[in-house]
Amino acid sequence: MANEFPFFAAHPELTYLDSAATAQKPQAVIDALVHYYVNDNANVHRGLYTLAYNTTEAYEAVRGQVAQFINAKTPSQIVFTRSTTDGLNLVAASFGPLVVHAGDEILVSGAEHHSNFIPWQQLAKRTGAKFVVAPVTKAGNTDPAAVAQLITKRTKIVALAQVTNVAGGVVPLAPLADQVHAVGGYLVVDGAQAVAHMKVDVQALGADFYAFSGHKLYGPTGIGVLYGRQALLAEMPPVQFGGEMIDEVLDAQSTWAPVPLKFEAGTPNIAGVFGLRAALAFMAGLDMKAVAAQDHALVLRLRAGLLAIPGVTVYGDAHSAGIVSFNLQGVHPHDVATVLDEAHIAVRAGHHCAQPLMARLGVPATVRASFGVYNTAADVDKLVAGVAEARRLFHEFD
Ligand code: PMP
(Lines give C-alpha, C1' and ligand atoms only; values in the text may rest on other atoms or scores of the structure.)
Protein backbone atom coordinates (compact mmCIF):
# COMPACT_ATOMS: atom_id res chain seq x y z
CA MET A 1 0.00 0.00 0.00
CA ALA A 2 2.81 2.44 0.91
CA ASN A 3 4.08 2.21 -2.69
CA GLU A 4 1.01 4.17 -3.85
CA PHE A 5 2.24 7.08 -1.71
CA PRO A 6 5.31 8.83 -3.18
CA PHE A 7 5.98 10.50 0.18
CA PHE A 8 7.43 7.25 1.47
CA ALA A 9 9.85 6.97 -1.45
CA ALA A 10 10.93 10.55 -0.70
CA HIS A 11 11.45 9.66 2.98
CA PRO A 12 12.51 6.01 3.07
CA GLU A 13 13.93 6.39 6.59
CA LEU A 14 10.76 7.87 8.10
CA THR A 15 8.09 6.08 10.11
CA TYR A 16 5.06 8.30 9.72
CA LEU A 17 2.60 7.93 12.58
CA ASP A 18 0.76 11.24 12.39
CA SER A 19 -2.09 10.58 9.96
CA ALA A 20 -4.64 11.99 12.41
CA ALA A 21 -2.95 15.36 11.86
CA THR A 22 -2.85 14.85 8.12
CA ALA A 23 -2.67 11.75 5.93
CA GLN A 24 -0.12 11.24 3.17
CA LYS A 25 -1.41 11.45 -0.40
CA PRO A 26 -1.61 8.67 -2.97
CA GLN A 27 -0.05 9.40 -6.36
CA ALA A 28 -3.55 9.54 -7.88
CA VAL A 29 -4.47 12.52 -5.68
CA ILE A 30 -1.29 14.38 -6.57
CA ASP A 31 -1.86 13.57 -10.26
CA ALA A 32 -5.41 14.92 -10.05
CA LEU A 33 -4.16 18.31 -8.84
CA VAL A 34 -1.56 18.51 -11.60
CA HIS A 35 -4.03 17.26 -14.21
CA TYR A 36 -6.50 19.96 -13.29
CA TYR A 37 -3.96 22.78 -13.55
CA VAL A 38 -2.46 21.44 -16.78
CA ASN A 39 -5.65 20.49 -18.59
CA ASP A 40 -8.80 21.88 -17.03
CA ASN A 41 -7.89 25.16 -15.36
CA ALA A 42 -10.84 27.52 -15.72
CA ASN A 43 -13.01 29.21 -13.14
CA VAL A 44 -16.31 27.53 -12.31
CA HIS A 45 -19.88 28.86 -12.54
CA ARG A 46 -18.75 31.77 -14.74
CA GLY A 47 -17.40 31.23 -18.21
CA LEU A 48 -19.60 30.38 -21.16
CA TYR A 49 -16.76 28.83 -23.16
CA THR A 50 -16.56 25.06 -23.43
CA LEU A 51 -13.63 24.54 -21.08
CA ALA A 52 -15.21 26.55 -18.25
CA TYR A 53 -18.50 24.76 -18.82
CA ASN A 54 -16.87 21.32 -18.70
CA THR A 55 -14.84 22.16 -15.61
CA THR A 56 -17.99 23.43 -13.89
CA GLU A 57 -19.85 20.23 -14.80
CA ALA A 58 -17.04 18.06 -13.48
CA TYR A 59 -16.71 20.17 -10.33
CA GLU A 60 -20.44 19.97 -9.58
CA ALA A 61 -20.45 16.22 -10.20
CA VAL A 62 -18.07 15.75 -7.27
CA ARG A 63 -20.90 16.74 -4.93
CA GLY A 64 -22.70 13.59 -6.01
CA GLN A 65 -19.62 11.49 -5.31
CA VAL A 66 -19.31 13.02 -1.84
CA ALA A 67 -23.03 12.47 -1.23
CA GLN A 68 -22.59 8.80 -2.10
CA PHE A 69 -19.49 8.55 0.12
CA ILE A 70 -21.44 9.60 3.25
CA ASN A 71 -24.87 8.41 2.07
CA ALA A 72 -26.46 11.85 1.80
CA LYS A 73 -29.80 11.91 -0.03
CA THR A 74 -28.88 14.56 -2.61
CA PRO A 75 -25.75 16.30 -3.96
CA SER A 76 -27.20 19.71 -3.00
CA GLN A 77 -26.68 18.79 0.65
CA ILE A 78 -22.92 18.90 0.10
CA VAL A 79 -21.29 22.27 0.77
CA PHE A 80 -17.63 22.58 -0.14
CA THR A 81 -15.67 24.25 2.64
CA ARG A 82 -12.03 24.80 3.50
CA SER A 83 -11.97 22.18 6.26
CA THR A 84 -13.79 20.62 9.19
CA THR A 85 -13.08 23.81 11.13
CA ASP A 86 -14.65 25.90 8.39
CA GLY A 87 -17.76 23.70 8.22
CA LEU A 88 -18.35 23.69 11.97
CA ASN A 89 -17.88 27.46 12.14
CA LEU A 90 -20.37 27.88 9.31
CA VAL A 91 -23.00 25.89 11.21
CA ALA A 92 -22.35 27.78 14.43
CA ALA A 93 -22.42 31.19 12.72
CA SER A 94 -25.36 30.62 10.37
CA PHE A 95 -27.59 27.95 11.90
CA GLY A 96 -26.68 28.64 15.53
CA PRO A 97 -28.52 31.96 15.94
CA LEU A 98 -31.63 30.56 14.20
CA VAL A 99 -32.22 27.98 16.90
CA VAL A 100 -30.23 28.99 19.99
CA HIS A 101 -31.62 31.70 22.24
CA ALA A 102 -30.98 32.98 25.75
CA GLY A 103 -31.53 30.25 28.32
CA ASP A 104 -31.13 27.41 25.80
CA GLU A 105 -28.35 24.85 26.12
CA ILE A 106 -25.53 23.78 23.82
CA LEU A 107 -23.93 20.49 24.75
CA VAL A 108 -20.49 19.19 23.79
CA SER A 109 -18.19 16.56 25.22
CA GLY A 110 -15.04 17.38 27.16
CA ALA A 111 -13.13 15.38 24.54
CA GLU A 112 -13.88 17.70 21.61
CA HIS A 113 -11.25 19.23 19.35
CA HIS A 114 -11.15 23.01 19.73
CA SER A 115 -12.84 23.24 16.30
CA ASN A 116 -15.95 21.61 17.73
CA PHE A 117 -15.72 23.38 21.08
CA ILE A 118 -14.89 27.06 20.66
CA PRO A 119 -17.51 27.86 17.96
CA TRP A 120 -20.20 26.58 20.35
CA GLN A 121 -18.71 28.25 23.40
CA GLN A 122 -18.70 31.55 21.51
CA LEU A 123 -22.22 31.02 20.16
CA ALA A 124 -23.40 30.46 23.73
CA LYS A 125 -21.74 33.71 24.80
CA ARG A 126 -23.31 35.63 21.93
CA THR A 127 -26.80 34.28 22.49
CA GLY A 128 -26.90 33.99 26.27
CA ALA A 129 -27.25 30.21 26.05
CA LYS A 130 -25.67 27.82 28.55
CA PHE A 131 -22.58 25.98 27.30
CA VAL A 132 -22.58 22.51 28.82
CA VAL A 133 -19.49 20.28 28.67
CA ALA A 134 -20.10 16.60 29.38
CA PRO A 135 -17.59 14.67 31.50
CA VAL A 136 -15.31 12.22 29.70
CA THR A 137 -14.34 8.65 30.52
CA LYS A 138 -11.19 7.93 32.53
CA ALA A 139 -9.55 6.85 29.30
CA GLY A 140 -10.15 10.27 27.75
CA ASN A 141 -13.04 9.44 25.46
CA THR A 142 -16.50 10.94 25.07
CA ASP A 143 -18.86 9.28 27.55
CA PRO A 144 -22.16 8.73 25.69
CA ALA A 145 -24.04 8.03 28.93
CA ALA A 146 -22.83 11.32 30.40
CA VAL A 147 -23.89 13.16 27.24
CA ALA A 148 -27.29 11.46 27.28
CA GLN A 149 -27.84 12.49 30.88
CA LEU A 150 -27.19 16.14 30.09
CA ILE A 151 -29.70 16.41 27.23
CA THR A 152 -32.64 18.48 28.53
CA LYS A 153 -35.72 20.18 27.13
CA ARG A 154 -33.54 23.28 26.61
CA THR A 155 -30.86 21.47 24.59
CA LYS A 156 -30.80 22.98 21.12
CA ILE A 157 -27.46 21.69 19.81
CA VAL A 158 -25.38 18.65 20.67
CA ALA A 159 -21.99 18.80 18.95
CA LEU A 160 -19.83 15.68 19.05
CA ALA A 161 -16.92 14.11 17.23
CA GLN A 162 -17.74 10.72 15.77
CA VAL A 163 -14.17 9.70 16.58
CA THR A 164 -12.24 11.71 19.18
CA ASN A 165 -8.82 12.93 18.16
CA VAL A 166 -6.76 12.16 21.28
CA ALA A 167 -7.99 8.79 22.52
CA GLY A 168 -9.64 7.68 19.26
CA GLY A 169 -12.95 6.51 20.74
CA VAL A 170 -15.84 5.86 18.37
CA VAL A 171 -18.96 7.55 19.76
CA PRO A 172 -22.27 5.71 19.22
CA LEU A 173 -24.16 8.68 17.86
CA ALA A 174 -27.49 7.29 16.62
CA PRO A 175 -29.15 6.90 20.05
CA LEU A 176 -27.97 10.39 21.03
CA ALA A 177 -29.39 11.76 17.78
CA ASP A 178 -32.78 10.22 18.62
CA GLN A 179 -32.65 11.71 22.08
CA VAL A 180 -31.71 15.21 20.98
CA HIS A 181 -34.32 15.14 18.20
CA ALA A 182 -36.95 14.12 20.73
CA VAL A 183 -36.37 17.37 22.63
CA GLY A 184 -36.37 19.45 19.42
CA GLY A 185 -32.59 19.86 19.19
CA TYR A 186 -30.01 19.11 16.52
CA LEU A 187 -26.93 16.90 16.29
CA VAL A 188 -23.79 18.37 14.73
CA VAL A 189 -21.07 15.82 14.01
CA ASP A 190 -17.35 16.44 13.63
CA GLY A 191 -16.30 13.66 11.29
CA ALA A 192 -12.65 14.71 10.91
CA GLN A 193 -11.21 11.54 12.43
CA ALA A 194 -13.93 9.15 11.32
CA VAL A 195 -14.05 9.36 7.53
CA ALA A 196 -10.73 7.63 6.83
CA HIS A 197 -11.43 4.77 9.23
CA MET A 198 -15.03 3.65 8.77
CA LYS A 199 -17.95 3.74 6.38
CA VAL A 200 -19.92 6.84 7.28
CA ASP A 201 -23.68 6.99 6.82
CA VAL A 202 -25.00 10.40 7.84
CA GLN A 203 -28.60 9.21 7.67
CA ALA A 204 -28.01 6.19 9.88
CA LEU A 205 -26.13 8.40 12.35
CA GLY A 206 -29.06 10.83 12.49
CA ALA A 207 -26.65 13.72 11.91
CA ASP A 208 -28.24 17.09 11.12
CA PHE A 209 -24.81 18.35 10.09
CA TYR A 210 -21.60 16.44 9.41
CA ALA A 211 -18.24 18.13 8.72
CA PHE A 212 -14.96 16.66 7.53
CA SER A 213 -11.64 17.60 5.90
CA GLY A 214 -10.17 16.23 2.69
CA HIS A 215 -6.62 16.14 3.99
CA LYS A 216 -7.29 13.49 6.65
CA LEU A 217 -8.88 11.35 3.96
CA TYR A 218 -5.76 11.10 1.75
CA GLY A 219 -6.93 14.20 -0.14
CA PRO A 220 -5.47 17.70 -0.43
CA THR A 221 -5.44 20.38 2.25
CA GLY A 222 -7.78 23.34 1.92
CA ILE A 223 -10.85 21.38 0.91
CA GLY A 224 -13.55 20.15 3.26
CA VAL A 225 -17.17 19.15 3.25
CA LEU A 226 -20.19 20.20 5.23
CA TYR A 227 -23.27 18.00 4.93
CA GLY A 228 -26.54 19.37 6.23
CA ARG A 229 -30.18 18.33 6.27
CA GLN A 230 -31.79 20.00 3.30
CA ALA A 231 -34.52 21.89 5.14
CA LEU A 232 -31.96 23.30 7.57
CA LEU A 233 -29.51 24.41 4.88
CA ALA A 234 -32.37 26.05 3.03
CA GLU A 235 -33.31 28.31 5.93
CA MET A 236 -29.74 29.21 6.90
CA PRO A 237 -28.41 32.64 5.90
CA PRO A 238 -25.04 32.90 4.18
CA VAL A 239 -22.18 34.19 6.32
CA GLN A 240 -19.82 35.16 3.52
CA PHE A 241 -20.81 37.39 0.65
CA GLY A 242 -19.37 37.97 -2.81
CA GLY A 243 -19.25 36.25 -6.17
CA GLU A 244 -20.89 32.88 -6.91
CA MET A 245 -23.33 32.98 -3.99
CA ILE A 246 -25.85 35.47 -5.32
CA ASP A 247 -29.06 35.35 -7.29
CA GLU A 248 -29.55 39.09 -7.89
CA VAL A 249 -27.71 42.11 -6.52
CA LEU A 250 -29.43 45.49 -6.47
CA ASP A 251 -28.28 48.72 -4.86
CA ALA A 252 -30.63 48.28 -1.97
CA GLN A 253 -30.70 44.53 -1.47
CA SER A 254 -29.54 41.16 -2.75
CA THR A 255 -30.87 37.67 -3.01
CA TRP A 256 -28.97 34.43 -2.76
CA ALA A 257 -28.25 31.47 -4.97
CA PRO A 258 -29.88 28.21 -3.88
CA VAL A 259 -28.16 25.74 -1.52
CA PRO A 260 -25.29 24.89 -1.59
CA LEU A 261 -23.89 27.76 -3.68
CA LYS A 262 -25.15 30.42 -1.27
CA PHE A 263 -22.53 29.18 1.19
CA GLU A 264 -19.65 29.20 -1.29
CA ALA A 265 -18.74 32.85 -1.85
CA GLY A 266 -15.79 33.55 -4.13
CA THR A 267 -13.68 31.31 -6.33
CA PRO A 268 -13.66 27.92 -4.62
CA ASN A 269 -10.77 25.50 -4.22
CA ILE A 270 -11.39 23.89 -7.61
CA ALA A 271 -8.17 21.88 -7.65
CA GLY A 272 -8.97 20.74 -4.11
CA VAL A 273 -12.36 19.44 -5.22
CA PHE A 274 -10.73 17.37 -7.97
CA GLY A 275 -8.13 16.17 -5.48
CA LEU A 276 -10.96 15.19 -3.17
CA ARG A 277 -12.59 13.28 -6.02
CA ALA A 278 -9.38 11.28 -6.44
CA ALA A 279 -9.23 10.67 -2.68
CA LEU A 280 -12.81 9.35 -2.74
CA ALA A 281 -11.90 7.05 -5.62
CA PHE A 282 -8.95 5.83 -3.56
CA MET A 283 -11.26 5.22 -0.59
CA ALA A 284 -13.74 3.39 -2.82
CA GLY A 285 -10.96 0.94 -3.68
CA LEU A 286 -10.41 0.08 -0.02
CA ASP A 287 -12.17 -2.68 1.84
CA MET A 288 -13.27 -0.72 4.91
CA LYS A 289 -13.68 -3.91 6.95
CA ALA A 290 -10.05 -4.71 6.21
CA VAL A 291 -9.04 -1.13 7.10
CA ALA A 292 -10.82 -1.46 10.44
CA ALA A 293 -9.22 -4.87 11.07
CA GLN A 294 -5.77 -3.46 10.33
CA ASP A 295 -6.40 -0.41 12.57
CA HIS A 296 -7.49 -2.75 15.34
CA ALA A 297 -4.47 -5.03 14.98
CA LEU A 298 -2.07 -2.05 15.04
CA VAL A 299 -3.84 -0.47 18.02
CA LEU A 300 -3.68 -3.75 19.97
CA ARG A 301 -0.01 -4.25 19.12
CA LEU A 302 0.91 -0.68 20.08
CA ARG A 303 -1.04 -0.73 23.32
CA ALA A 304 0.51 -4.04 24.35
CA GLY A 305 4.01 -2.83 23.45
CA LEU A 306 3.62 0.45 25.30
CA LEU A 307 2.00 -1.08 28.37
CA ALA A 308 4.98 -3.44 28.70
CA ILE A 309 7.25 -0.42 29.24
CA PRO A 310 7.31 0.64 32.91
CA GLY A 311 5.90 4.11 33.54
CA VAL A 312 3.82 4.36 30.38
CA THR A 313 0.19 5.48 30.62
CA VAL A 314 -1.92 4.69 27.56
CA TYR A 315 -5.20 6.55 26.99
CA GLY A 316 -8.22 5.27 25.10
CA ASP A 317 -8.98 1.59 24.75
CA ALA A 318 -8.51 -1.37 22.42
CA HIS A 319 -11.41 -0.19 20.21
CA SER A 320 -9.74 3.08 19.21
CA ALA A 321 -10.08 4.00 15.52
CA GLY A 322 -6.37 4.09 14.71
CA ILE A 323 -5.26 6.62 17.36
CA VAL A 324 -3.20 5.85 20.47
CA SER A 325 -2.17 8.57 22.93
CA PHE A 326 0.24 7.94 25.77
CA ASN A 327 2.63 9.47 28.28
CA LEU A 328 5.89 8.35 29.78
CA GLN A 329 6.13 9.07 33.48
CA GLY A 330 8.60 11.82 34.35
CA VAL A 331 9.29 12.77 30.73
CA HIS A 332 7.57 15.64 28.94
CA PRO A 333 5.74 14.45 25.80
CA HIS A 334 7.74 16.96 23.75
CA ASP A 335 10.95 15.29 24.91
CA VAL A 336 9.57 11.87 24.00
CA ALA A 337 8.70 13.18 20.53
CA THR A 338 12.18 14.68 20.14
CA VAL A 339 13.85 11.36 20.94
CA LEU A 340 11.48 9.64 18.50
CA ASP A 341 12.25 12.25 15.85
CA GLU A 342 15.95 11.43 16.17
CA ALA A 343 14.99 7.84 15.39
CA HIS A 344 13.01 9.13 12.35
CA ILE A 345 9.63 8.43 13.89
CA ALA A 346 7.02 11.14 13.33
CA VAL A 347 4.40 11.36 16.07
CA ARG A 348 2.51 14.32 17.42
CA ALA A 349 3.10 15.63 20.92
CA GLY A 350 1.08 18.42 22.47
CA HIS A 351 -2.45 19.19 23.54
CA HIS A 352 -3.82 18.15 20.13
CA CYS A 353 -6.17 21.15 20.07
CA ALA A 354 -8.00 19.53 22.98
CA GLN A 355 -7.00 21.60 26.01
CA PRO A 356 -10.31 20.95 27.80
CA LEU A 357 -9.54 17.22 27.56
CA MET A 358 -5.95 17.70 28.75
CA ALA A 359 -7.32 19.53 31.80
CA ARG A 360 -9.67 16.62 32.49
CA LEU A 361 -6.86 14.08 32.14
CA GLY A 362 -4.66 16.25 34.38
CA VAL A 363 -1.78 16.40 31.89
CA PRO A 364 -0.39 19.29 29.82
CA ALA A 365 0.02 17.14 26.72
CA THR A 366 0.28 13.60 25.38
CA VAL A 367 2.23 11.81 22.69
CA ARG A 368 -0.08 10.61 19.92
CA ALA A 369 0.53 7.97 17.30
CA SER A 370 -2.07 7.56 14.58
CA PHE A 371 -2.35 5.20 11.66
CA GLY A 372 -3.08 5.42 7.98
CA VAL A 373 -3.61 2.59 5.51
CA TYR A 374 0.15 2.49 4.83
CA ASN A 375 1.21 1.68 8.39
CA THR A 376 2.43 -1.77 9.40
CA ALA A 377 3.33 -3.82 12.46
CA ALA A 378 6.99 -2.93 11.80
CA ASP A 379 6.11 0.79 12.26
CA VAL A 380 4.51 -0.04 15.60
CA ASP A 381 7.54 -2.07 16.71
CA LYS A 382 9.85 0.79 15.79
CA LEU A 383 7.76 3.21 17.84
CA VAL A 384 7.68 0.89 20.85
CA ALA A 385 11.47 0.49 20.67
CA GLY A 386 11.81 4.29 20.39
CA VAL A 387 9.68 4.85 23.49
CA ALA A 388 11.72 2.24 25.39
CA GLU A 389 14.86 4.09 24.33
CA ALA A 390 13.38 7.44 25.46
CA ARG A 391 12.67 5.89 28.84
CA ARG A 392 16.22 4.54 29.07
CA LEU A 393 17.73 7.94 28.17
CA PHE A 394 15.63 9.98 30.58
CA HIS A 395 15.73 7.53 33.46
CA GLU A 396 19.42 6.63 33.10
CA PHE A 397 20.35 8.37 36.32
CA ASP A 398 17.28 7.46 38.40
N1 PMP B 1 -11.96 17.83 14.65
C2 PMP B 1 -11.16 16.81 14.91
C3 PMP B 1 -11.67 15.67 15.73
C4 PMP B 1 -9.85 16.80 14.39
O5 PMP B 1 -9.04 15.79 14.67
C6 PMP B 1 -9.43 17.88 13.60
C7 PMP B 1 -8.04 17.93 13.01
N8 PMP B 1 -7.01 17.86 13.94
C9 PMP B 1 -10.32 18.92 13.36
C10 PMP B 1 -11.58 18.86 13.89
C11 PMP B 1 -9.95 20.10 12.53
O12 PMP B 1 -9.67 19.73 11.24
P13 PMP B 1 -9.09 20.82 10.22
O14 PMP B 1 -7.85 21.36 10.87
O15 PMP B 1 -8.81 20.05 8.99
O16 PMP B 1 -10.13 21.85 10.09
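The name given to the chain in an unreviewed UniProt entry is cysteine desulfurase, with Lacticaseibacillus jixianensis as the source organism. Heading Sequence similarities (unreviewed entry) of the UniProt record for the chain holds this comment: "Belongs to the class-V pyridoxal-phosphate-dependent aminotransferase family. Csd subfamily." In its Cofactor (unreviewed entry) section, UniProt records this for the chain: "pyridoxal 5'-phosphate".

**Side note on the overall build of the chain**
Looking only at helices and strands, the chain features 14 helices and 15 strands. Its C-alpha atoms give the chain principal-axis dimensions of roughly 75 × 55 × 35 Å. By the burial criterion, 54% of the 398 residues in the chain qualify as buried. Restricting to contacts in the chain with at least 6 residues of sequence separation, those with at least 24 account for 69%. Total accessible area computed for the chain in this model is approximately 16,300 Å², and 56% of it derives from carbon and sulfur atoms. Here the chain contributes 26 positive and 33 negative side-chain charges, whose respective centroids are spaced 7 Å apart.

**Looking at the layout of surface pockets**
Roughly 400 Å³ of internal volume is contained in the largest pocket. Lining of the largest pocket is provided by 20 residues; of these, Phe80, Thr81, Asp86, Gln240 and Phe263 occupy positions nearest its centre. Secondary-structure elements contributing two or more residues to the lining of the largest pocket are strand 2 (78-81) and helix 4 (84-99). Considering every element that reaches the lining of the largest pocket, the biggest residue donor is helix 4, with 3 residues.

**Quick notes on unusual backbone geometry**
Outside of glycine, negative phi angles account for most residues, and trans bonds account for most peptide bonds. Residue proline 260 is bonded to the preceding valine 259 through a cis peptide linkage, with omega at 5°. Along the chain, proline 260 falls in the loop between strand 10 (254-256) and helix 10 (270-284). Not every positive phi belongs to a glycine, and tyrosine 218 is a case in point at roughly 70°. Tracing the sequence through the fold places tyrosine 218 in the loop between strand 7 (209-213) and strand 8 (224-228). Its identity as a non-glycine residue notwithstanding, histidine 352 has a phi of 55°, on the positive side. Here histidine 352 lies in the loop between strand 14 (348-350) and helix 13 (355-361).

**Side note on the UniProt feature "domain: Aminotransferase class V" (unreviewed entry) in the chain**
UniProt annotation of "domain: Aminotransferase class V" (unreviewed entry) refers to residues 15-383 when read in the numbering used here. Measuring from the first to the last C-alpha atom of residues 15-383 gives 8 Å, for a span that is 40% helix and 17% strand.

**Some remarks on helix 4**
The first and last C-alpha atoms of helix 4 sit 21 Å apart over 16 residues, in line with the 22 Å expected at 1.5 Å per residue. Taken as a whole, helix 4 carries its principal kink of about 30° at alanine 93; the proline proline 97 stands between one and four residues after it. What helix 4 keeps buried is the set Thr84, Gly87, Leu88, Leu90, Val91, Ala92, Ser94, Phe95, Gly96 and Val99.

**Let's talk about the pattern of salt bridges**
Under the definition given, this model contains 8 salt bridges. Glutamate 264 is the partner of arginine 63 in a salt bridge, and the nearest nitrogen-oxygen pair spans 2.8 Å. Of this pair, arginine 63 sits in helix 3 (residues 50-70) while glutamate 264 sits in the loop between strand 10 and helix 10, and the two are 201 residues apart along the sequence. As far as burial versus exposure is concerned, arginine 63 and glutamate 264 are alike and both buried. Linked by salt bridges that have partners in common, Glu60, Arg63 and Glu264 make up one network.

**Overview of the environment of histidine 395**
Of note, histidine 395 is situated in the segment after helix 14 (377-394). By relative accessible area, which is 22% here, histidine 395 ends up partly exposed. Placed 377 residues apart in sequence, histidine 395 and aspartate 18 show a C-alpha to C-alpha distance of 26 Å. Leaving out residues up to four positions away in the same chain, histidine 395 has contacts with Gln329 and Val331.

Scoring rules and cut-offs
- Residues numbered from 1 in each chain as written.
- Predicted model: local features only at pLDDT ≥ 70, side-chain atom pairs only at ≥ 80, totals over all residues.
- Heavy atoms only, no water.
- UniProt positions renumbered as here; feature names shortened; annotations may be inferred.
- Helix = DSSP H or I, 4+ residues; strand = E, 2+ residues; numbered from the N terminus.
- Buried < 20%, exposed > 50% of the residue type's maximum accessible area, 1.4 Å probe, protein only.
- Contact = heavy atoms within 4.5 Å.
- Areas by Shrake-Rupley, 256 points an atom, 1.4 Å probe, with all protein chains shown as cover.
- Lys, Arg positive; Asp, Glu negative; His and termini not counted.
- Charge placed at Lys NZ, Arg CZ, Asp CG, Glu CD.
- 1 Å grid on protein atoms, 1.4 Å probe; cavity = no way out; pocket = protein on both sides within 12 Å on 5 of 7 lines; lining within 4 Å.
- Points joined across faces, edges and corners; volume = space filled by probe spheres on them.
- Expected span 1.5 Å × (residues − 1).
- Bend = angle between axes of the 7 residues up to and from the residue.
- Salt bridge = Lys/Arg side-chain N within 4 Å of Asp/Glu carboxyl O.

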